[in-house]
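Okay, here's what each chain looks like letter by letter:
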Amino acid sequence: MTAKARVLIVDDERSMQEFLEIFFRREGYEVTTASDVASATLCLENDDFDLLISDMQMPDGSGLDLLRVVRASCEDTVTIMITAFATTDSAIAAMKDGAYDYITKPFKVDEIRLVVEKALEKKLLASENQRLRSELRVQKRKRQIIGTSSVMQRVYDFISQVADTRINVLVSGASGTGKELVARAIHDQSDRADKPFVAINCGAIPENLLESELFGHVRGSFTGAVSNKEGLFEAADNGSLFLDEIGELSMPLQVKLLRVLQEKSIRRVGGTSDRSVNVRLISATNRRLDEEVGAGRFREDLFYRLNVMEIPLPTLAERREDIPLLVSHFVEKFSKEIGKAELPLEAEALDKLMVYDYPGNVRELENIVERAVALSRGDSITIAAFPDTILRRQGVSYSCQITDKGVDLEDLVNNYERSLIGEAMRASGSVKKRAAQLLGISFRSFRYRFEKLGLDHDDRPKY
Ligand SMILES: Nc1ncnc2c1ncn2[C@@H]1O[C@H](COP(=O)(O)OP(=O)(O)OP(=O)(O)O)[C@@H](O)[C@H]1O
Ligand SMILES: [Mg+2]
């Protein structure tokens, strides 16, 4: 960085200007000089400098004027002021106006070298920070919740309503609907965003270990507890703790968790004293927790503590209008990930995706698209890249492009008819008479078409 750094030297005193110019060139800088405020302003406005070294007093103004230019048009430039006299007043004014440091004349070469090195180090750090911040923004965007459907708008409203409160939130929904994503969004939008977000899957950890995971333990409290260990509640202090699959929590642990919520303090396993914690709990469940309460498997008092507000997530089938947006989001994501150009989706392929039922919800769609992106050759994503499960699901496609090669009308009409009959069969729960009614034809006619299209061997949805 130092080798290529660019410096602007401003001093009306010729000898000083020359001295600094020689010094900085020797140090490997690219040097530009100016001898008054006006020409220095022009340089600053039209060029990029890492460093500005300026005299305080000049015939047409002061170094402070240049600080204002820097602030307005080149914030990244680090400024060092040179004051002729040890007038701390003007030096202080300069620092207040954003100068990084000042040196007083006369100064030694080592002195200026040191100040400059420190200044550039600071600049490097600042730009590194900036890079990290923008990377983080990208990361956060990667965690973006996609969907513009009205059911998702409701979810966004819920999230912003609760984000800045300490309310414990229960996110409910089927597998793959985005519960963890929503939990993170609540944290990211809250005033705890710069504090830890700690997640644990209560269903994935054996009961005897879960307690010590959550609350920590003291050395010797059980075999294997070879040292004191902080629990996740402490790790999440001042931040958020995400308890995934909360419905899996055993009865004894439910009691312990309830106590923590009441006391706002935890006790490590084997410990004798309480430690207070300030944690926002976000829980998730893919079971109906109220039903678990009804069945006596989940404590009602805990349920109400955890579920001050519930955010129910829709299944993907309940928000099909979001599928195209999700698909393009995932195509972009996975193409980037494997360094492939983004391919467009053929209309037929999107049609298939639109009608599939997605028992695995968004996660399933994500996997389908990931696979399709990886498998696709040529200049578009076609149904050839889809797994059998969705191909078996007959879609209803209303559009057809007739190209130079022509089409097979008989085939297209048959396919269309097959799709519609398939749809009617699904809608009727495979009751053929009802399906015939839904299509507005007689049962005889239905049966005839059914056999003609070879559907009689395959009249049940296969997924
Ligand atoms: N609305 C959405 N927009 C973009 N991606 C989503 C959305 N919903 C879910 N996903 C993606 O789908 C995958 C599953 O989401 P997530 O893990 O949040 O679901 P979940 O409800 O916690 O599932 P499970 O119950 O199986 O744990 C993740 O990769 C997530 O990024
Ligand atoms: Mg999850």
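Within every chain, residues take consecutive numbers counted from 1 along the sequence as written. Lettering of chains starts at A and numbering of ligands starts at 1, both following the order in which they are written. This being a predicted model, a pLDDT of at least 70 is required before a residue's local features are given, and a value of 80 or more before pairs of side-chain atoms are given or counted; all residues contribute to the totals for chains, interfaces and linings. Working from all heavy atoms in the structure, the side-chain values ignore hydrogens and water.

Caption draft 1: Structural context of the sheet that holds strand 9 (residues 197-201). Between any two strands, pairing holds if DSSP finds at least two bridges. Going along the chain from the N terminus, every DSSP run of H or I of four or more residues is numbered as a helix, and every run of E of two or more is numbered as a strand. Spatially, 5 strands are ordered 9-12-15-8-16 in an open sheet, and the strand pairing comes out parallel. Either end of the sheet is taken by a strand with one partner, and the two such strands are strand 9 and strand 16 (309-312). Within the sheet, the average angular offset between the axes of one strand and its neighbour, ignoring direction, is 20°. With 4 bridges joining them, strand 8 (residues 169-172) and strand 16 adopt parallel strand pairing. Residue V169 lies in a different strand from strand 16, and its bridge partner there is M309. Strand contacts of helix 6 (residues 150-163): strand 8, strand 15 (280-285) and strand 16, with the helix running at about 155° to strand 16, the strand carrying the most contacts. Lines fitted to C-alpha atoms define the axes, with helix axes restricted to the stretch in contact, and inter-axis angles between N-to-C directions lie between 0 and 180 degrees. Note on contacts: a residue pair is in contact if any heavy atoms of the two residues lie within 4.5 Å.

Caption draft 2: A look at the sheet that holds strand 2 (residues 30-34). Taken in spatial order, the 5 strands make up an open sheet running 2-1-3-6-7, and their pairing is parallel. Each having just a single partner strand, strand 2 and strand 7 (101-104) make up the two edges of the open sheet. Strand-to-strand twist across the sheet, computed as the mean angle between neighbouring axes with direction ignored, equals 20°. Inspection of the sheet shows strand 1 (residues 6-10) paired to strand 2 by 5 bridges, in the parallel sense. Each bridged residue has a counterpart across the sheet, and for V7 the counterpart in strand 2 is V31. Across the face of the sheet, helix 1 (residues 14-26) comes into contact with strand 1, strand 2, strand 3 (51-55) and strand 6 (78-83) while running at roughly 170° to strand 2. Contacts between helix 2 (residues 37-46) and the sheet are confined to strand 1, strand 2 and strand 3, with strand 1 contributing the most and set at about 165° to the helix.

Caption draft 3: Structural detail: unusual backbone geometry. The amide bond that connects K105 to the next residue, P106, takes the cis arrangement and shows omega of -5°. You can see P106 is positioned in the loop between strand 7 and helix 5 (109-142). Despite not being glycine, N238 shows a phi value in the positive range, around 70°. Note that N238 resides in the loop between helix 9 (232-235) and strand 12 (240-244).

Caption draft 4: Structural context of the nonpolar core. Each nonpolar core is a collection of buried residues, namely Ala, Val, Leu, Ile, Met, Phe, Trp, Tyr and Cys, held together in the definition by side-chain atoms within 4.5 Å. Any residue under 20% of the maximum accessible area for its type is buried, any over 50% is exposed, and the rest in between are partly exposed; the area is computed with a 1.4 Å probe on protein chains only. Counting 29 residues, the largest nonpolar core has F233, L241, L243, I246, L257 and L281 as its most contacted members. Contributions of two or more residues to this core are made by strand 9, helix 8 (207-215), helix 9, strand 12, helix 10 (251-263), helix 11 (289-294) and helix 12 (300-306). Counting 23 residues, the second-largest nonpolar core is a separate cluster that includes L316, Y358, I368 and I381.

Caption draft 5: Structural detail: the site of ligand 1. Throughout this document, a residue counts as near a molecule or strand when at least one of its heavy atoms sits within 4 Å of that molecule or strand. Taken together, 18 residues surround ligand 1, and among them I146, G176, K179, R363 and E366 come closest. A 3.5 Å cut-off defines polar contacts: any pair of N or O atoms within that distance qualifies, except that in protein one atom must be a possible hydrogen donor and the other a possible acceptor, and neighbouring residues in sequence count only when both atoms are side-chain atoms. A distance of 2.6 Å separates an oxygen atom of ligand 1 from a polar side-chain atom of K179. One of the backbone N or O atoms of L181 is found 3.1 Å from an oxygen atom in ligand 1. Accessible surface area values rest on a Shrake-Rupley calculation with a 1.4 Å probe, where residue burial reflects the displayed protein chains alone. Protein burial of ligand 1: of its 630 Å² of free accessible surface, 85% is covered by the chains. Elements that contribute at least two residues to the shell around ligand 1 include exactly helix 7 (179-188), helix 13 (323-338) and helix 15 (361-375). Its residues placed into classes, the shell around ligand 1 shows 7 nonpolar, 6 polar and 5 charged. Here the limits of each domain have been adopted from an automatic or database domain assignment. Structurally, the shell around ligand 1 is a two-domain feature, drawing no fewer than three residues from each of domain 2 (150-314) and domain 3 (317-392). For this classification, the nonpolar set comprises Ala, Val, Leu, Ile, Met, Phe, Trp, Tyr, Cys and Pro, the charged set comprises Asp, Glu, Lys and Arg, and every other residue, Gly included, is treated as polar.

In short, shape yes, function no, at least from these values alone.
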